[in-house]
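Summary of the model geometry
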Amino acid sequence: MNKWVAATLLSFGLMAAPSHAEEAGKIGVDWVGNDILIEAVHDKEVDGITCHLAYFDRGMIDRLTKGNWFEDPSNSSIACRATGPIVIRNIQLDKDGEEVFKEGRSFLWKKLVVNRIYDKNNNTMIYLSHSRQVTDGSAKMAISTVPLYGVDVTWDPEFWPEGAPK
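Treat the numbers as computed from the prediction; the structure is a model and nothing was measured.

1. Observations regarding the overall build of the chain
- The secondary structure content of the chain amounts to two helices and nine strands.
- Traced from its N-terminal end to its C-terminal end, the chain shows the element sequence α-β-β-β-α-β-β-β-β-β-β.
- Among the 166 residues that make up the chain, the fraction classed as buried is 37%.
- Look at the contacts in the chain between residues 6 or more apart in sequence, and 49% of them connect residues 24 or more apart.
- If you sum the accessible surface of the chain, you get close to 10,000 Å²; carbon and sulfur atoms cover 57% of it.

Below is the structure:
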């Protein structure tokens, strides 16, 4: 097998493989094999918060009859909750936050992304799911917040960032 074929197969494999997520549910929505997938996303820098991300997964019949074979819709929904003791490690504290999950929604150009932002003024973790595209960005997004007020939160002293609550 030449290098080009191997790279192409690897690209297809990576497109289908979720990063830091596990399937929690799958709901069939029609007879052509379209599904709504629900995945549990775990933030590798924040223990004790789980986000459930729902998105549409096109079936093979839908892809063959409607074309656009290598792309799924940009729509997503997210809900995040404290699911255990919260331990915060090395997170970005600026307003840009950081990406905690990414999964391909097309062969090359579209990604379903979850970003985390720490809202210091309100002591809240914000999780935003959206679609990232090379040229035409999508306005489709969903947001979920996890208030940390009144919750037992440990900031890992090894990564104690400037500006983090003490």
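2. Looking at unusual backbone geometry
- For Asn-123, which is not glycine, the phi torsion reads 50° and is therefore positive.
- Within the fold, Asn-123 resides in the loop between β6 (111-119) and β7 (124-132).

3. Concerning the nonpolar core
- If you look at the biggest cluster of nonpolar residues, it comprises 23 residues, and the most contacted ones within it are Val-46, Ile-49, Leu-53, Ile-78, Ile-88, Met-125 and Tyr-127.
- Broken down by element, this core gets its largest block of residues, five residues, from strand β3 (residues 46-57).
- With near-sequence residues (within four places) excluded, Val-46 lies in contact with Ile-86, Val-87, Ile-88, Arg-89, Ile-91, Arg-116, Met-125 and Tyr-127.

4. A look at the packing of aromatic side chains
- What the rule picks out here adds up to one aromatic pair.
- Where Tyr-118 meets Trp-155, the ring centres are 5.4 Å apart and the plane angle is 75°; that geometry is what we call edge-to-face. Taken together, the residues span a long stretch of sequence, with Tyr-118 in strand β6 and Trp-155 in strand β9 (residues 153-155) at a distance of 37 residues.
- Among the residues examined, Tyr-118 registers a relative accessible area of 5% and is labelled buried.

Rules used throughout
Residues numbered from 1 in each chain as written. Predicted model: local features only at pLDDT ≥ 70, side-chain atom pairs only at ≥ 80, totals over all residues. Heavy atoms only, no water. Helix = DSSP H or I, 4+ residues; strand = E, 2+ residues; numbered from the N terminus. Buried < 20%, exposed > 50% of the residue type's maximum accessible area, 1.4 Å probe, protein only. Contact = heavy atoms within 4.5 Å. Areas by Shrake-Rupley, 256 points an atom, 1.4 Å probe, with all protein chains shown as cover. Core = buried A, V, L, I, M, F, W, Y, C linked by side-chain atoms within 4.5 Å. Phe/Tyr/Trp six-rings, centres within 6.5 Å; stacked < 30°, edge-to-face > 60°.

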